[in-house]
Amino acid sequence: MSTLNGQVIGQAHFATRALLERAVAPLGVDFGQVLTLNALAAGPVARTRLVQRITSTRKVDESAVHEMITGLVDADLARLDDTAEPQVRLTDAGHATQAHIADAVEGITARLYGDIPPAEADAAARVLSLITERANNELAGVA
């Protein structure tokens with residue numbers, strides 16, 4: 001039996017991430033681009049809001065996210081609308097790529113989580129959400 005700590009959580013994250021990266025490698029996208037494409041799947045997002053969302057999720061600086069958005073635009077997976085507050089949206093190719101990503105995530109999720117009893121999965125989700133909240137509060141300097 002493992003003790004719940006950052007190492008155990010990190011090992012689960014990195015193992016799962018490696019499966020996802022292997023699944024999406026043929027699509028020519030990396031992990032950060034996967035998160036960004038998924039964030040855009042529901043519709044256009046103001047660039048500033050998208051940058052904030054990805055920086056807060058990945059704990060990277062804004063310049064890295066701006067570069068990632070530029071890479072998606074250059075790959076014709078996303079486009080910027082020239083409006084007062086620039087919006088980022090998926091192109092047709094971006095929608096197709098994101099659909100492949102969603103299928104890959106669904107398969108990985110079914111294989112890794114499918115036989116975990118719902119009560120245990122719910123408990124794990126609550127604990128991990130609490131840990132994330134506490135870490136984010138500490139990063140933000142909140143007591």
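Along each chain, the written sequence defines residue order, and numbers are assigned to residues from 1. Side-chain atom pairs in this predicted model are given and counted only at pLDDT of 80 or more, local residue features only at pLDDT of at least 70, and totals for whole chains, interfaces and linings cover all residues. Excluded from the side-chain calculations are hydrogens and water; all other atoms, namely the structure's heavy atoms, are used.

Chemist: How should I be thinking about unusual backbone geometry in this particular structure?
Modeler: Comment: phi is negative for the bulk of residues other than glycine, and the bulk of peptide bonds are trans. Even without a glycine there, the phi angle at K59 is positive, about 60°. For K59, the position within the fold is in the loop between α3 (47-58) and α4 (62-74). The phi dihedral of D76 is positive, around 60°, even though this residue is not glycine. Counting from the N terminus, the helices are the DSSP runs of H or I reaching at least four residues and the strands are the DSSP runs of E reaching at least two. Secondary-structure assignment places D76 in the loop between α4 and β2 (78-81).

Chemist: Looking at this structure, I do not really get helix α6 (residues 118-139). What am I missing?
Modeler: Because each turn of an α-helix spans 3.6 residues, side chains separated by three or four positions in sequence point in the same direction. Taking 1.5 Å of rise per residue, 22 residues should cover 32 Å, and α6 covers 31 Å from first to last C-alpha, within 8% of that figure. Following α6 by one or two positions, G141 has its phi on the positive side, about 80°. Expected helix span is computed as 1.5 Å times (number of residues minus one).

Chemist: How should I be thinking about the nonpolar core in this particular structure?
Modeler: Note that soluble globular proteins tend to have their nonpolar side chains buried in a common cluster. Think of a nonpolar core as a cluster: buried Ala, Val, Leu, Ile, Met, Phe, Trp, Tyr and Cys residues, connected wherever their side-chain atoms sit within 4.5 Å. Burial status follows relative accessibility: with a 1.4 Å probe on protein chains alone, a residue under 20% of its type maximum counts as buried, one over 50% as exposed, and anything between as partly exposed. If you look at the biggest cluster of nonpolar residues, it comprises 22 residues, and the most contacted ones within it are V29, L37, L40 and L50. When residues in this core are grouped by element, the largest group, 5 residues, is from helix α2 (residues 31-40). Whether two residues are in contact is decided by their heavy atoms, any of which lying within 4.5 Å being enough. Non-local contacts of L50, meaning those with residues more than four positions away in its chain, are made with T36, A39, L40, V45, I69 and V88.

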